[in-house]
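Structure assessment
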Amino acid sequence: QVQLVESGGGLVQAGGSLRLSCAASGRTFSSYVMGWFRQAPGKERVFVATIRSNGGDVYYADSVQGRFTISRDNAKNTVYLQMNSLKPEDTAVYYCAARWGYGMGFFESDFGSWGQGTQVTVSS
């Protein structure tokens, strides 16, 4: 399994931006579909975005479409989540996840490896 470490979370005002990074260990990063999920206080963890192993396809939750961008650099074993126009309702712990193979994943059960999460807090 791949090991994942997120970074880049923090406190930002509404309307601001943050970029999350997720660094993966191992030499097979380019074989994994990568995803971002988030969990707000008192709520279940939900899908945010996903990107195919070669970066060719991306999908977003409706709530972040047009504001967030997922990307990856396979040479650096890193996946990113650029978050713009942040809203207080984006406040959550954000998790990076990895899924072996080419098929896309949209549910927690689709992903076998998870990072420890990074806190994003958006103030109004």
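One structure accompanies this document, and this report is about it. (Residues numbered from 1 in each chain as written. Predicted model: local features only at pLDDT ≥ 70, side-chain atom pairs only at ≥ 80, totals over all residues. Heavy atoms only, no water.)

1. Quick word on the pattern of salt bridges
For the structure shown, the criterion picks out four salt bridges. For the salt bridge of Arg52 with Asp57, the shortest nitrogen-to-oxygen distance reads 2.6 Å. Judged by its relative accessible area of 11%, Arg52 is buried. Given the relative accessible area of 28%, Asp57 is considered partly exposed. Look at the salt bridges and you will find they share partners, linking Arg38, Arg67 and Asp90 into a network. (Salt bridge = Lys/Arg side-chain N within 4 Å of Asp/Glu carboxyl O. Buried < 20%, exposed > 50% of the residue type's maximum accessible area, 1.4 Å probe, protein only.)

2. Side note on the side chain of Arg52
Its location among the elements puts Arg52 in the loop between strand 5 (45–51) and strand 6 (58–60). Within polar-contact distance, the side chain of Arg52 engages the side chain of Asp57 at 2.6 Å. Setting aside its immediate chain neighbours within four residues, Arg52 contacts Val33, Asp57, Arg72, Tyr102, Gly103 and Met104. (Helix = DSSP H or I, 4+ residues; strand = E, 2+ residues; numbered from the N terminus. Polar contact = N/O pair within 3.5 Å; in protein donor to acceptor, adjacent residues only side chain to side chain. Contact = heavy atoms within 4.5 Å.)

3. A short note on the environment of Ser53
One can find Ser53 in the loop between strand 5 and strand 6. What makes Ser53 buried here is its relative accessible area of 7%. Between the C-alpha atoms of Ser53 and Asn74, which are 21 residues apart in sequence, the distance is 8.6 Å. Apart from residues no more than four positions distant in its own chain, Ser53 is found in contact with Ser30, Ser31, Tyr32, Val33, Arg72, Asn74, Gly101 and Tyr102.

4. Considerations on the sheet that holds strand 7 (residues 68–73)
The strands making up a sheet associate through hydrogen bonds between their backbones, and the pairing can be parallel or antiparallel. Read from one edge of the open sheet, four strands run 1-3-8-7, paired in antiparallel fashion. Since the sheet does not close on itself, it has two edges, and those belong to strand 1 (4–7) and strand 7, each with one partner. On average, adjacent strands in this sheet sit at an angle of 15° to one another, irrespective of strand direction. Across four bridges, the pairing between strand 1 and strand 3 (residues 18–24) is antiparallel. Bridge pairing in strand 3 links Val5 to Ala23. (Pairing = 2+ DSSP bridges. Axes fitted to C-alpha atoms, helices over the stretch in contact; angles between N-to-C directions.)

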